[in-house]
Amino acid sequence: MTTPSSPDAPASPESNPQGAATGAWRRLVGDWNWQPPPWLDSTVAFLKRQPPRNWLLALAAVIALAFGWHWMHRPKVIPPGALVVSVVAPKLTDYSQTPIVVDDLTLRFTGSAAPISAVGKEPAGLKMEPTLAGAWKWTDDKTLTFKPATDWPVGQHYTITIDPKTGLAPKVHLAQDAFEFDTEPFKATLASAEFYQDQVDPNLKKGVFEFGFSHPVDPATIEKRIEMTLVDGAGTRQPDPRHVVSYDDRHLKAFVHSAPLSLPENGGKLHLVLDA
């Protein structure tokens, strides 16, 4: 007598982990039926039609490109004993002196670099961009200086390159032969801001502002960038007060005076903006 066999039980998630993962994925994102674009099928078909020779040529081209990229970006080999150069950028020109005192640019080498016959003379194989009138000089065998003929431009970026073959003593190598520096940028600071009331005439009230500048300024340029506004105690803008600007002899300071003010009954604030 045979006993009827029971129907197979459905596989549990534990016995079918792949089905469980698929079911979880479908519950999370739903069904997704992706069809490749026509260009992909045509591209694959084109590649399959290519003879082995073309595949070899393509592989050789990829290898050549990879080798060329690696060669161009390989670390620079620094010879043993190569000298390091530090750039001492010029300080801000001293405009308080007459004539003004313009600082030199200095390159310092960690070892003897100048040809013996070149000390005290102008070096060869050196280039600075952008160019600036002036004179280079080996002040000693480890120091190069550049004395500009004029003031340094404001906030200018410079690049210096040295050709060791023509500019340095024989067998002298550099860790790097290109250097960069920047001249001092223009800076404006608000030195003081005060509300002035005349001691004799209490009705005479005005705002007085003082600015200091790192470099001499052009009055026409500065005055176009000044805006003075007046608001009452509720923040409502009032008619802009007129103002006058005066300067010290060297144009390193500017003094801004408002016209006599008629203040609103609810008070107010006087604002001055010097636009960059």
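Residues numbered from 1 in each chain as written. Predicted model: local features only at pLDDT ≥ 70, side-chain atom pairs only at ≥ 80, totals over all residues. Heavy atoms only, no water.

Undergrad: Just to check I follow, could you spell out the overall build of the protein for this structure?
TA: Counting secondary structure elements, the protein contains 5 helices and 14 strands. Scored against the burial criterion, the 276 residues of the protein give a buried share of 25%. Across the protein, every contact between residues at least 6 apart in sequence was considered, and the portion connecting residues at least 24 apart equals 60%. Per element, the accessible surface of the protein, about 19,700 Å² overall, is 58% carbon and sulfur. (Helix = DSSP H or I, 4+ residues; strand = E, 2+ residues; numbered from the N terminus. Buried < 20%, exposed > 50% of the residue type's maximum accessible area, 1.4 Å probe, protein only. Contact = heavy atoms within 4.5 Å. Areas by Shrake-Rupley, 256 points an atom, 1.4 Å probe, with all protein chains shown as cover.)

Undergrad: Which parts of the structure should I look at to understand the confidence of the model for the protein?
TA: Keep in mind that low pLDDT regions are not for reading the predicted coordinates in detail. Mean pLDDT over the protein works out to 87, with 85% of the residues at or above the 70 mark. Segment residues 1–14: pLDDT under 50, and 2 contacts once partners within four positions in sequence are set aside and those in other chains are kept. (pLDDT = per-residue confidence, 0-100.)

Undergrad: Honestly, the pattern of salt bridges in this entry has me stumped. Any pointers?
TA: Any two side chains of opposite charge can pair, on the condition that their charged atoms come close. Per the counting criterion, the structure on display carries 4 salt bridges. Salt-bridge contacts for Glu129 lead to Lys127; the nearest nitrogen and oxygen are separated by 3.0 Å. Note on Glu129: relative accessible area 43%, which makes it partly exposed. Overall, Lys127 belongs to the partly exposed group, its relative accessible area being 47%. A single network of salt bridges, built from pairs that share partners, joins Glu227, Arg237 and Asp240. (Salt bridge = Lys/Arg side-chain N within 4 Å of Asp/Glu carboxyl O.)

Undergrad: Explain the pairing of strand S9 (residues 205–213) here, please?
TA: Each regular strand shows side chains that alternate between the opposite faces of the sheet. Most of S9 is tucked away: 7 of the 9 residues are buried. Across 9 bridges, the pairing between strand S8 (residues 188–197) and S9 is antiparallel. Residue pairing for S9: Leu190 is matched across the bridge by Phe211. Where S9 meets strand S13 (residues 253–258), 5 bridges bridge the pair, whose relative direction is antiparallel. What sits directly across from Gly212, in S13, is Lys253. (Pairing = 2+ DSSP bridges.)

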